[in-house]
Amino acid sequence: MTNARFVPENELPLDIAPGAAVEAAYAAELARVEEALLARLPALVECDKELVPYFYAALRGRLKKRELRCAYLDGRPPADAPPEAIPTGVIGTMISQLRDAVRGPVGERVVVLPHLDLLVSSSGGGLTSEAREVIPLLYENPQVLWLGFKDPSFSVPKVIHDLFPHHEHILGVDRERLRHLVTQREARKLGRGFDPYELYKYVSGVNAVRLRRLLGALGGVDYPDDPRPAFAQLRRATLSSSFEMPDVDLDADVGGYDKVKTRLKNEILDILAAKSRLADEAAIKRIEALVPRGMIFWGPPGTGKTLFAKAMATALKAAIIVVSGPELKSKWVGESEENIRQVFLKARQSAPAIIVFDELDSIAAARGMYTGSGVEHSMVNQLLTEMDGFRKEELVFVVGTTNFVDSIDRALLRPGRFEFHLHIPYPDPADRRAILGIHDRKLGLALSERASDYAVKRTGDLVEGAAGRYSGDHIQALCRQIARTRLRAARPTAEPTEVADVEEALSAYLERPDLTKAEERVVATHEAGHAVCALFCEHAPAIDRISIRGDLAGALGFVQYADPAHRYVTTRAQLLDSICCLMGGREAEALLLDDLSIGSGHDLERATVIARALVEDLGMGGERTGVRRFARDITTSDATLHDVEKAAHAILEEQRTRAAKILTEQQALLATLRDLLLEKKVLDRAAFVDLLPESKRQKTHG
Ligand code: ADP
């Protein structure tokens, strides 16, 4: 093999002691701390606790050669101390050692605090009593040369940070150093041909001492044909408990959204996969510079944004954590930033990992949209610090989800941060069919073809007068409802789910207003009016369904139209017919009930919008307004405005009269349709087609 990344086995060491591992992994860090101390600058090392004794031992060796001695205050009483002189507890002993060190002869030595975090950790509200005792001691004698150690999972107050001019952060092992930390025996357990870049993917967040322990514990045969179990063993050991390993296949488990999938594959997944195939380090680094650290999925709730993130994690063999933005923010002020820091820390230690910030806008709203508490501001800053802070080769990826990408703070959208955005809209019919297919399969619903067609249509968005739209989440809920009903009825597995079952599940799943008989009559009359006008307007689309059961949020009844055959070109005749149909509800009430309900408000609003557009924007308002576009601004004269309003009004009045005429002529049909609606509540096209005159039965698409 010519892959430059491979390290020949005989170049690997036979044995590595933990101390040597620390020297090999952290030579640069050790040198920097050594220099700082020699310059008499107190130094703070942030690293995992298990690293501390080894890092200290290596440092002590170096300092000894430079004639600098150390006093190590780890809370262990001196062997010769009389028992009554020993304060109780490790912390007590540490504090008393600290007091002696500060007040005794200072001399040319380094005072080492291996557990600085335990002495001064702050929890939530304020300082512990130990911290209140220790902080003044640390500041009492400026001559003392401190070397402090702190674990990254603890936070220490700023006043402690400020005591140390030199900071050193150690997390994991640099990818380039990894080859010095593996023995020949261990490499053999990972298969033939040792590739440190491959190993790095599983252990990037693990410190050298822990890494040595994990590698030493590797079981299995030498040169296995399949090294995956060995890698899996390492991976399990590095996973922190708040992370999970998702199992969501982008193609098999996420339905529809082909374009989104293609972009995701092309722009992120393929690049990352290509990276792991590349042989030469320079090329890998070039790619790493191109891959963003984060991306955003935006779109309405329940459309599968989190699901997509999980599928990405699965494809990358990464662990995932989903952090809720609102929850993060609701924590104590000041704790939110600490929480963000902790999430990133755990992600880096569990890398490869994906962090999902659900509802990212709640913690990082675009400027000008802040709610005023100032919490968001510091959270954005913390997020930026963390995202800019990790090394390019670290395998941490951040995903944000939001309803609108514009609601996110611009600073987060810059190159290298949440650079890449994917829109996930409501599912279109093909997406809905695919999503149904997935849940049908998972739940064993055996949907018949007609039932799927029906469900796809019923979950469509072409609903007169209502706003509720179906997302993947709703479709899943629908399928679960069908499954529950099937289970209750003990239906045999092979028996298909039919149209009626789908309809029943849809009804069970929605909350309906409870109409009185009189109210039902008004709604039925109104909807029958829309429907009859639609049947007798040549350019109106065909009707799929009429309902007075209040299926959708906000609407008591509705007429659902078939997909129009033309989506991109709309004609004047079609627009006029739409106005006529909109007027049909109101006119039917006037005709059959001799009264009007307030239910037509929305219809009138829409009709007016169309009429105005005809006059003002489309030059279709008639002779008086002519073929031109009207602007409504301060230069528009009252006379012009008057003409425009008059022309729009004329159109509305004309269509209202037309609707009234159709309904009067078809009054018998109108009444029959209304009665049928009152009886059945929901009418399919098949249910009312027989009522129609021959000439109207054929209409399928407008
Ligand atoms: P979001 O994050 O956009 O609010 P989720 O990812 O939490 O939505 O989706 C909720 C659930 O809806 C998912 O767990 C999944 O079961 C279902 N779902 C949504 N979209 C799809 C889809 N495209 N294919 C399959 N299931 C989906």
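Look a little higher up for the structure.
Everything numeric in this text was worked out from a predicted model, so none of it was measured.

Q: I'm lost on the overall build of the protein chain in this one. Help?
A: Looking only at helices and strands, one finds 28 helices and 15 strands in the protein chain. Rg of the C-alpha trace for the protein chain: 36 Å, well past the compact-globule value of 27 Å for 702 residues, more than 25% over. With the principal axes as the frame, the protein chain shows a C-alpha extent of 110 × 65 × 55 Å. Within the protein chain, the proportion of its 702 residues that are buried is 49%. The long-range fraction of contacts in the protein chain, counting pairs at least 24 apart against all pairs at least 6 apart in sequence, stands at 78%. Approximately 33500 Å² of the protein chain is accessible, and the part contributed by carbon and sulfur atoms is 54%. Looking at charge distribution, the protein chain has the averaged site of its 92 positive side-chain charges lying 3 Å from that of its 101 negative ones.

Q: Looking at this model, I keep getting lost on the site of the ligand. Mind explaining?
A: Near the ligand, the surroundings consist of 16 residues, among which G255, G302, K305, T306 and L307 are the closest. G255 is positioned with one of its backbone polar atoms (N or O) 2.8 Å from a nitrogen atom of the ligand. A distance of 2.9 Å separates an oxygen atom of the ligand from a polar atom in the backbone of L307. Within the complex, the protein chains bury 82% of what would otherwise be the 560 Å² of accessible surface of the ligand. Breaking the shell around the ligand down by element, the ones donating at least two residues are α14 (305-316), α18 (429-443) and α20 (472-488). In the shell around the ligand, the residues fall into five nonpolar, eight polar and three charged.

Q: Help me understand the packing of aromatic side chains, please; the structure alone is not making it clear to me.
A: Remark: the centre distance and the inter-plane angle together describe each pair of aromatic rings, the angle taken between the planes. With the rule as written, the count across this model stands at six aromatic pairs. Plain terms: the ring middles of F55 and F149 are 6.2 Å apart, the flat faces sit at 80° to each other, and that makes the pair edge-to-face. Of this pair, F55 sits in helix α3 (residues 52-65) while F149 is found in strand β6 (residues 145-150), placing the two residues 94 residues apart along the sequence. The pair formed by F55 and F149 is uniform in burial state, with each residue classed as buried. Seen in terms of ring centroids, Y202 and F231 are 4.5 Å apart; in terms of plane orientation they differ by 20°. Their pairing is stacked. With a gap of 29 residues between them, Y202 in helix α9 (residues 196-203) and F231 in helix α11 (residues 228-238) connect regions that are remote in the sequence. Note on F231: relative accessible area 8%, which makes it buried. Among the aromatic side chains, those forming a connected cluster through ring pairs are Y257, F297 and F308. Over the ring of Y200 we find R175; its NZ or CZ atom is 5.8 Å from the centre of that ring. Just above the ring of F630 sits the side chain of R628; from NZ or CZ to the centre is 4.0 Å.

Q: What exactly am I supposed to notice about the packing of α18 against helix α19 (residues 449-458) here?
A: Think of two packed helices as two axes; the pair is described by the angle between the axes and how far apart they sit. Contact pair α18 / α19: the axes reach a minimum separation of 9 Å and the direction vectors enclose 130°. With respect to each other, α18 and α19 are oriented oblique. Along this stretch, α18 crosses α19, giving a crossing that reads as right-handed. Between α18 and α19, the contacting residues are P429, R432, R433 and L436 on the first element and S452, D453, A455 and V456 on the second. Classifying every residue of the contact of α18 with α19 gives four nonpolar, one polar and three charged.

Q: How do you make sense of the pairing of β6 when you look at a structure like this?
A: On a regular strand, each side chain points to the face opposite its neighbour's, so the side chains alternate between the two faces of the sheet. Within β6, six of the six residues are buried, leaving the element largely enclosed by the surrounding structure. Here four bridges tie strand β1 (residues 43-46) to β6, and the two strands are oriented parallel to one another. Bridging from a neighbouring strand, E46 pairs with K150 of β6. The sheet contact formed by strand β3 (residues 109-113) and β6 spans four bridges and is parallel. Residue pairing for β6: V110 is matched across the bridge by L145.

Q: Please explain unusual backbone geometry as it appears in this structure.
A: For residues besides glycine, phi is generally negative; the peptide bonds are generally trans as well. Here the residue pair A351 and P352 is connected by a cis peptide bond, since its omega of 0° sits within 30 degrees of zero. Structurally, P352 is set in the loop between α16 (335-349) and β10 (353-358). For R40, which is not glycine, the phi dihedral falls at a positive 60°. Within the secondary structure layout, R40 lies in the loop between α2 (27-38) and β1. Positioned with a positive phi, K317 is a non-glycine residue whose angle comes to about 55°.

Q: Even after reading the chapter, I still don't get the nonpolar core, so can you show me in this structure?
A: Side chains of nonpolar character tend, in soluble globular proteins, to be buried together. L37, L147, I355 and F357 are the most contacted members of the largest nonpolar core, which totals 81 residues. Top contributing element to this core by residue count: α3, with six residues. Aside from chain neighbours lying at most four places away, what touches L147 is V33, L37, A43, V45, L59, V110, V111, V112, L113 and F164. One finds A534, L575, F630 and L677 within the second-largest nonpolar core, a separate group that totals 48 residues.

Q: Where do I start with the sheet that holds strand β2 (residues 69-72) in this structure?
A: Two orientations exist for strands paired in a sheet by backbone hydrogen bonds: parallel and antiparallel. Ordered in space as β2-β3-β6-β1-β7, the five strands form an open sheet in which the pairing is parallel. Lying at the two open borders of the sheet, with one neighbouring strand each, are β2 and β7 (166-169). Looking at each pair of strands side by side, their axes are set apart by 20° on average, direction ignored.

Q: Hey, could you run me through the side chain of R674 in this one?
A: Here R674 shows up in helix α26 (residues 667-680). Under the relative-accessibility criterion, R674 is labelled buried at 9%.

Q: What is the right way to read the sheet that holds β10 from this model?
A: Read across the open sheet, the five strands follow the order β9-β10-β11-β8-β12; overall the sheet is parallel. In the strand order of this sheet, the two ends are held by β9 (319-324) and β12 (418-423), each with one partner. On average, adjacent strands in this sheet sit at an angle of 20° to one another, irrespective of strand direction. In this structure, β10 lies alongside strand β11 (residues 396-402), joined through five bridges in parallel fashion. The residue bridging F357 from the neighbouring strand is G400, located in β11.

Q: Even after reading the chapter, I still don't get the environment of A588, so can you show me in this structure?
A: When you line up the elements, A588 lands in helix α23 (residues 572-593). Along the backbone, A588 and I340 are 248 residues apart, and their C-alpha atoms lie at a distance of 60 Å. Apart from the residues within four sequence positions on either side, A588 is in contact with T525, G529, L593, L663 and L670.

Q: What exactly am I supposed to notice about the state of the cysteines here?
A: Joining two cysteines, a disulfide is a covalent bond between their sulfur atoms. Scanning the model with the defined rule gives zero disulfides in all. Here C580 is not cross-linked by a disulfide; its sulfur's nearest cysteine counterpart is in C537, at 3.6 Å. Here C580 falls in the buried class, since its relative accessible area comes to 0%. This cysteine, C581, is not joined by any disulfide, and C537 carries the nearest cysteine sulfur, 4.3 Å off.

Q: Sorry if this is basic, but what is going on with helix α24 (residues 601-616) here?
A: In an α-helix, one full turn covers 3.6 residues, which means residues spaced three or four apart are oriented alike. Here α24 is 16 residues long and its end C-alpha atoms lie 22 Å apart, about the 22 Å a rise of 1.5 Å per residue gives. Buried within α24 we find D603, A607, I610, A611, L614, V615 and E616.

The rules behind the values
Residues numbered from 1 in each chain as written. Predicted model: local features only at pLDDT ≥ 70, side-chain atom pairs only at ≥ 80, totals over all residues. Heavy atoms only, no water. Helix = DSSP H or I, 4+ residues; strand = E, 2+ residues; numbered from the N terminus. Rg over C-alpha atoms; globule rule 2.2 N^0.38 Å. Buried < 20%, exposed > 50% of the residue type's maximum accessible area, 1.4 Å probe, protein only. Contact = heavy atoms within 4.5 Å. Areas by Shrake-Rupley, 256 points an atom, 1.4 Å probe, with all protein chains shown as cover. Lys, Arg positive; Asp, Glu negative; His and termini not counted. Charge placed at Lys NZ, Arg CZ, Asp CG, Glu CD. Near = heavy atom within 4 Å. Polar contact = N/O pair within 3.5 Å; in protein donor to acceptor, adjacent residues only side chain to side chain. Nonpolar A, V, L, I, M, F, W, Y, C, P; charged D, E, K, R; others polar. Phe/Tyr/Trp six-rings, centres within 6.5 Å; stacked < 30°, edge-to-face > 60°. Lys NZ or Arg CZ within 6 Å of the ring centre and 35° of its normal. Axes fitted to C-alpha atoms, helices over the stretch in contact; angles between N-to-C directions. Parallel < 35°, antiparallel > 145°, perpendicular 65-115°, else oblique. Left-handed = near helix turned anticlockwise from the far one by under 90°. Pairing = 2+ DSSP bridges. Core = buried A, V, L, I, M, F, W, Y, C linked by side-chain atoms within 4.5 Å. Disulfide = S-S within 2.5 Å. Expected span 1.5 Å × (residues − 1).

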